[in-house]
Protein chains: 2
Amino acid sequence: MTNKVEQQSPHHVVIVGGGFGGLHAALSLGDAPVKVTLIDKRNFHLFQPLLYQVATGGLSPAEISSPLRSILNKQQNTTVLMGEVQDVDPHQQKIFLNKGEINYDTLIVATGVSHHYFGNEQWAPTAPGLKTVEDALEMRRRIFMAFEAAEKEHDVEKRRAWLTFVIVGGGPTGVELAGAISELAYSTLKRDFRNINTAETRIVLVEGMDRVLPPYSPDLSAKAEESLVKLGVEVQTKALVTNIEDNIVTVRQGEEIQKIEARTVLWAAGVKASVMGTILAGHTGAELDRVGRVMVEQDLSIKGYPQIFVLGDLANFTKPDGKPLAGVAPVATQEGKYVADLIVKRLEGKTSPAFEYDDVGSLSVIGRHSAVADFGKVKMSGFFAWLIWVFVHIYYLIEFDNKLVVFIQWTWSYFTRKRGARLITGDESLGQIGVDEKGDYFISPKIKVSAKV
Amino acid sequence: MTNKVEQQSPHHVVIVGGGFGGLHAALSLGDAPVKVTLIDKRNFHLFQPLLYQVATGGLSPAEISSPLRSILNKQQNTTVLMGEVQDVDPHQQKIFLNKGEINYDTLIVATGVSHHYFGNEQWAPTAPGLKTVEDALEMRRRIFMAFEAAEKEHDVEKRRAWLTFVIVGGGPTGVELAGAISELAYSTLKRDFRNINTAETRIVLVEGMDRVLPPYSPDLSAKAEESLVKLGVEVQTKALVTNIEDNIVTVRQGEEIQKIEARTVLWAAGVKASVMGTILAGHTGAELDRVGRVMVEQDLSIKGYPQIFVLGDLANFTKPDGKPLAGVAPVATQEGKYVADLIVKRLEGKTSPAFEYDDVGSLSVIGRHSAVADFGKVKMSGFFAWLIWVFVHIYYLIEFDNKLVVFIQWTWSYFTRKRGARLITGDESLGQIGVDEKGDYFISPKIKVSAKV
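Residues numbered from 1 in each chain as written. Chains lettered and ligands numbered in written order. Predicted model: local features only at pLDDT ≥ 70, side-chain atom pairs only at ≥ 80, totals over all residues.

### Digging into helix α8 (residues 218–230) of chain B
All names here are of chain B.
Phase 1 of the analysis: Taking 1.5 Å per residue as the helical rise, α8 with its 13 residues ought to reach 18 Å, and the 18 Å between its terminal C-alpha atoms agrees with that figure.
Phase 2 of the analysis: Taken together, the buried positions of α8 are Leu 220, Ser 221, Lys 223, Ala 224, Glu 225, Ser 227 and Leu 228.
Phase 3 of the analysis: Contacts from the buried residues of α8 go to α7 (172–188), β12 (202–206), β13 (233–236), β23 (362–366), β24 (370–375) and β25 (378–382).
Phase 4 of the analysis: Following α8 by one or two positions, Gly 232 adopts a phi angle in the positive range, close to 95°. (Helix = DSSP H or I, 4+ residues; strand = E, 2+ residues; numbered from the N terminus. Expected span 1.5 Å × (residues − 1). Buried ≥ 20, exposed ≤ 12 C-beta atoms within 10 Å, placed from the backbone. Contact = placed C-beta atoms within 7 Å.)

Here it is in structure tokens:
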């Protein structure tokens, strides 16, 4: 009898979040004797490492997104649900949606992080960040709109402000954005304007630490900075943004205070865990780190709650050396696969060893020809690293959704230096250059951004 | 002296609108001894005949758009300006932007039409139309969201309403939308859901005239209807929508009143000229037709204003047989080329014959395998007409911007029946399925649409 009931209701794994971690957990459970429900706010998986390409007009959102339903439609044991989890009851083993609740036997939470302004939330409308497709389209709108406004502006000072781009944060996203904007300004758009010379564009990358790409070794950081300077990017390290107001970015470098007049400010400086971290902590007493990530056990579960796992960017998995794993796609992917495997083993009465990250190396791209790669013993930079970067990214894109078309698009763009996805979209008011009371041009900031404010 | 001044200030042609008409006028003036300024609200040319593909997740906006600047950047005599014309002074030969004014020697106005609800503007939030990229993304959001909501809904009646799509208007746009939604529901999405059977989707096409595709011959209309019925579309002709309220579409067919419960209503029923028509009429006394299009002379100029031309969808050019030319891309394109040629001839002191449209035929697509084509003497329908449709559209896309990638994407989609651009985007509130006071699911309508209300 008991056996029969068990057959009718297989072990139910509920996965919240369809990013790299959640999706790979679901995929790895495809043949397992469990029922899987994957819940995501959006109906698509986003290949976030290429989001900066959308922000700079190189790719369209659909080219780096795949419908979750179509990725998982062959898995008969898997249901995809579009919805937002409002709360969790770890004692009754339930999650709550805006309507209805779902019981779980095992819960996997992988809702990631959002960008964050750390006490300077008033900067959000002026300095958009880059986490969602909407964020990327907003950046794209501002970048291309700035060139349009510069073309219209006759005053030299004001025009210079439109042609000044400040990127806050010298991590991978900041470096990618700076490189792509340099490509745009100094190459793609060169012949497109009549009143401005886009080669006069000023691109400033501001980083608080003493070097760009701080997670990399100092020599790779130096190579990256060299590549950026070659691309025409002004790199300011040990530099803190202390204010963003009235189109002026105030930067403090030691004792020196600098005021940069810039109409476009892009935020690539910090992230904060999604709200699921706080919800979980509230109910389970789990510890959070300073950006709100959940401190997890060596098997990625929450202490005292072996049936709840947290993974990907939302988890702080501290390695034996005391350092947390980075918030990158390969970590989330491996974590997702690990937890899927652990669940299957557990159902078979077996135990799993602690999670161990198999370091596949780090890659960061800088413009059209250059990248840095750190494969542990082997470190490289320049064109060859860039080639590896391209092939790794294409490989992963094709793995999910046969996005061969992106590869063709890229090859084409590489040789023609074109960027096809340059259209400025948004509501009618967002798509226009306005004139304020003083008679100056302005573009309406889109207030709603994905940042946690 | 006079001669010198003339050399310094060549004849200035100002073109308002970068659609097929305006863009082809600009392109044809590339080598002419004139200065050209092309003004458009948007920074891209939109290949509108494929907009329904964006609305149904088949293509991304960038794949049917080309930046106006990059199309025209080789023409040294041409300036592109992003802006909206607020007013015209035909006596001083000036146009006014939100800041500044521009003098013209010749003015070409080609600002097109928008969709329109003819006195039922309250239907706009419920029944979006299809003219801009934003409109298409809004339709896409609603279509895919409806399936998501149906998957969540347990009540049979309510679920049926989510799976009912009413398309108002049986012209080319309505037929294209109905065919594409049928493809989605009965093929692409078939395996993607667990709680609903997308094959139960009901697609109703409502047309006021006695047949679909009224501009075509009755036998082609009959073939089109046959194809639609084969695709599972319910075609209702001589049927008028009399109300759209509380998710119920009221349709009157003769004496019979029908109430269709549908959560998705798409508007493909009528257009109205853009506001430039009214502005021009106000200053020049030009006559407007009942949808606000400017009645033009046989050389496309405004009566009494030989230096102002109106073309494309905004113009009503009445053929010697008393019928106006249709608002389609080939007409606008030929008109643009004609006016460019006329301007050059006029500068040389020559005159031009009246504009004559060289009828290249009409093509309308119905789903994945079928189309109707009318080439005057030769009329065809079915698969062969569809092949012609595909190649004609690919040819024009490639002509502008080498969008070979679209061709590859299409070939791929045709064989895999996939639709890659299915992502639901929009602001956070627009991207979610809400729950109202009664506990029913709803999706927030995006209020701002491009329609003239």
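Still more to cover.
### Looking at α7 of chain B
Phase 1 of the analysis: End to end, α7 of chain B covers 22 Å across 17 residues, agreeing with the expected 24 Å (1.5 Å per residue, within 8%).
Phase 2 of the analysis: Most of α7 of chain B sits out of view: 15 of its 17 residues are buried.

### Considering the relation of the copies chain A and chain B
Phase 1 of the analysis: Mapping chain A onto chain B is achieved by rotating through 180° and translating by 0.0 Å along the same axis, at an RMSD of 0.0 Å. The operation mapping one copy onto its partner corresponds to a two-fold rotation axis.
Phase 2 of the analysis: Most of the interface of chain A is mirrored in chain B, where 100% of its interface residues are also at the interface. (Least-squares fit on C-alpha atoms with pLDDT ≥ 70 in both.)

### Observations regarding the packing of helix α2 (residues 20–28) of chain A against helix α10 (residues 329–347) of chain A
All names here are of chain A.
Phase 1 of the analysis: Contact geometry for α2 and α10: axes closest at 7 Å, N-to-C directions at 35°. In terms of crossing hand, the pair formed by α2 and α10 is right-handed. Note on element contacts: α10 touches α2 through Ala 329, Ala 332, Thr 333, Glu 335, Gly 336, Lys 337, Val 339, Ala 340 and Asp 341, opposite Phe 20, Gly 21, Gly 22, Leu 23, His 24, Ala 25 and Ser 28. (Axes fitted to C-alpha atoms, helices over the stretch in contact; angles between N-to-C directions. Left-handed = near helix turned anticlockwise from the far one by under 90°.)

### Section: unusual backbone geometry
Phase 1 of the analysis: Residues other than glycine seldom take positive phi values, yet Leu 300 of chain A does so here, at roughly 70°.
Phase 2 of the analysis: By the element assignment, Leu 300 of chain A lies in the loop between β19 (294–295) and β20 (301–302).
Phase 3 of the analysis: The phi angle at Phe 118 of chain B is positive, at roughly 45°, despite the residue not being glycine.
Phase 4 of the analysis: The topology assignment puts Phe 118 of chain B in the loop between β10 (113–115) and α5 (133–152).

### Concerning the sheet that holds strand β14 (residues 239–245) of chain A
All names here are of chain A.
Phase 1 of the analysis: With antiparallel pairing, 3 strands are arranged side by side in an open sheet as β14-β15-β16. If you trace the sheet from one side to the other, it starts and ends with β14 and β16 (256–261), each paired once. Sheet twist, expressed as the average angle between the axes of neighbouring strands with direction ignored, equals 25°.
Phase 2 of the analysis: Sheet topology places strand β15 (residues 248–253) next to β16; 6 bridges connect them, and they run antiparallel. Residue pairing across strands places Val 249 opposite Ile 260, the latter belonging to β16. (Pairing = 2+ DSSP bridges.)

### What to know about the domain arrangement of chain A
Phase 1 of the analysis: Domain assignment breaks chain A into domain 1 (2–41 + 83–115 + 272–347) and domain 2 (121–269 + 362–443).
Phase 2 of the analysis: For domain 1 of chain A versus domain 2 of chain A, the separation of C-alpha centres amounts to 34 Å. (Domains from an automatic or database assignment.)

### So, the pairing of strand β25 (residues 378–382) of chain A
All names here are of chain A.
Phase 1 of the analysis: As defined by bridge partners, strand β24 (residues 370–375) adjoins β25 across 5 bridges and the pair is classed as antiparallel. Bridge assignment links Ala 373 to a residue of β25, and that residue is Met 380.
Phase 2 of the analysis: The turn joining β24 and β25, which pair antiparallel and follow one another in sequence, is formed by 2 residues; a positive phi near 80° is taken by Gly 376.

### A few points about the pairing of β24 of chain A
Residues and elements named next belong to chain A.
Phase 1 of the analysis: In terms of burial, β24 is a largely internal element, 5 of the 6 residues being buried.
Phase 2 of the analysis: Strand direction decides the pairing type here: strand β23 (residues 362–366) and β24, joined by 5 bridges, are antiparallel. By the bridge assignment, Leu 363 is partnered in β24 with Ala 373.

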